[in-house]
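# Architecture at a glance
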Amino acid sequence: MRVLVSGGAGYIGSHTVVQLVAAGHDVVIADSFANSKPAVIGRLEALTGAHLPVHAFDLTDRDKTERLFADEPIDAVIHFAGLKAVGESAQIPLEYYENNLGTTFSLLHAMKRHGVSKLVFSSSATVYGEEAPLPYREDYAPLQSSSPYGRTKVMGEHILTDVAAADPSLRIAILRYFNPVGAHPSGTIGEDPQGIPNNLMPFIAQVAVGRRAKLTVFGDDYPTADGTCERDYIHVEDLAAGHLAALARLTQVDDPVSVWNLGTGQGTSVLEMVAAFARASGREVPYEIGPRRAGDQPRSWADPTKANSELGWATTRSIDDMCADTWRWQSANPTGYED
């Protein structure tokens, strides 16, 4: 298939592009480079040995999105593009609603006009909110979130469900991510957050490589084994493989919308991750205990049974693998991608 990957220069998008090409798909990338750098494209072409057409614009622009579909034959869309920082979303909520919903609207309009019926949508475990029992299952309702970012994902899922109900030709996969970490085993591409990292793993990696003095652990009095929050960390390579499995499944399903968790089904605490990264890097990771951070849940992990059985997909990489691959990337690229 010829697959449009929105946000294809980003962290998860770039790893998925590599796997799509390896599986024999043709890839077209659309990216505004608001949260990524053009330098990643050259690395992707070196890794894949393929020329990757790139359309550099903001997908909230419907006219440019229309022209992309008019110029490029597209069979399916994998939609990563969007803003994703929970804390930032509370500070600039309007930008998050405009961007995350606007890109989806533009793509859906263009898909309809050009007869593109397959869409894989990047959602999040944040849609389960604060009340869902562990482990999180896809049939839980009602979806809710405590952040504007999370609410854009809840709204996105409802929008896609309504649109698919009105258009029986559509086949949509909604993938609820847990906590992506790790990097390509070559160390060529990885996570390169702009500014201060919002997520644990890149912050630990930057401490280990010397870019930051220490990690702040937000609370050590949660009802968990060591008092720190537990999360379901998934290697980005396993996550990318989940997108390929979902894309393949869309050619077989009759349901207009399918929802799958992509996670390991296991929780790892902050201090367990710190210890694992110290082992992988051979570097000390200094940290201090700070107050709890608003909105953090004590524990969060997936029930991946549905994805295991329906997609034939399962995670294959351990926490040690995630840390080793992250360190290979960070140590080879201490300041991330070049500008």
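What you see is a predicted model; the values in this text were computed from it and never measured. Throughout this document, residue positions are counted from 1 along each chain, in the order its sequence is written. Two thresholds apply to this predicted model, a pLDDT of at least 70 for residue-level local features and 80 or more for giving and counting side-chain atom pairs, whereas whole-chain, interface and lining totals are computed over all residues. Water and hydrogen atoms were dropped before computing side-chain values, which therefore reflect all heavy atoms in the structure.

### Brief notes about the sheet that holds strand β14 (residues 299-300)
We count it as follows: Pairing between strands requires that DSSP locate at least two bridges from one strand to the other. Each helix corresponds to a stretch of at least 4 residues labelled H or I by DSSP, and each strand to a stretch of at least 2 residues labelled E; elements are numbered beginning at the N terminus.
If you walk across this open sheet you meet the three strands as β12-β9-β14, and the pairing is mixed. Among the strands making up the open sheet, the edge pair consists of β12 (268-269) and β14.

### Some points on the UniProt feature "domain: NAD-dependent epimerase/dehydratase" (unreviewed entry) in the protein
Heads up, the condition is: UniProt positions are given in the numbering used here, feature names are shortened, and annotations may be inferred rather than shown by experiment.
Sequence positions flagged by UniProt for "domain: NAD-dependent epimerase/dehydratase" (unreviewed entry) are, in local numbering, residues 3-263. The span residues 3-263 is 39% helix and 18% strand, and its two end C-alpha atoms sit 24 Å from each other.

### With respect to the nonpolar core
For clarity, the cut-off: Working definition of a nonpolar core: buried Ala, Val, Leu, Ile, Met, Phe, Trp, Tyr and Cys residues. They are joined through side-chain atoms within 4.5 Å. Only protein chains enter the accessibility calculation, which uses a 1.4 Å probe; a residue is then buried when its area is under 20% of its type maximum, exposed when over 50%, and partly exposed in between. The criterion used for residue contact is that any of the two residues' heavy atoms lie within 4.5 Å.
Counting 42 residues, the largest nonpolar core has Leu-20, Val-27 and Leu-44 as its most contacted members. Not counting the four nearest positions on each side in its chain, Leu-44 is found in contact with Gly-8, Ser-14, Val-17, Val-18, Ile-29, Leu-52 and Ile-189.

### Some points on helix α8 (residues 236-249)
The line we're drawing: A helix is expected to span 1.5 Å multiplied by its residue count minus one.
Here α8 spans 20 Å end to end across 14 residues, near enough to the 20 Å set by a 1.5 Å rise per residue. Among the 14 residues of α8, eleven are classified as buried, and the element is accordingly described as predominantly covered. Along α8, the residues classified as buried are Val-236, Glu-237, Asp-238, Leu-239, Ala-240, Gly-242, His-243, Leu-244, Ala-245, Ala-246 and Leu-247.

### So, the sheet that holds strand β3 (residues 54-55)
Stated formally: Axis geometry follows a simple rule: fit a line to the C-alpha atoms, using only the stretch in contact for helices, then measure angles between N-to-C directions, giving values from 0 to 180 degrees.
Taken in spatial order, the seven strands line up as β3-β2-β1-β4-β5-β6-β11 in an open sheet, and their pairing is parallel. Across the chains shown, the open sheet's two edge strands, defined by having one partner strand only, are β3 and β11 (257-262). Sheet topology places strand β2 (residues 26-30) next to β3; two bridges connect them, and they run parallel. Bridging from a neighbouring strand, Ile-29 pairs with Val-54 of β3. Contacting β5 (118-124), β6 (171-177) and β11, helix α6 (residues 148-166) runs over the sheet at an angle of about 155° to β5.

### Let's talk about the pairing of β2
How we decide: Here a crossover is taken to be right-handed if, once the strands point away from the viewer, the path from the first strand over the helix to the second is traced clockwise.
Counting buried residues along β2, four of its five residues qualify, which places the element largely inside the surrounding structure. In terms of strand pairing, strand β1 (residues 2-6) meets β2 through five bridges, oriented parallel. Its bridge partner lying in β2, Val-3 is registered against Val-27. Note on the crossover from β1 through helix α1 (residues 11-22) to β2: the handedness is right-handed.

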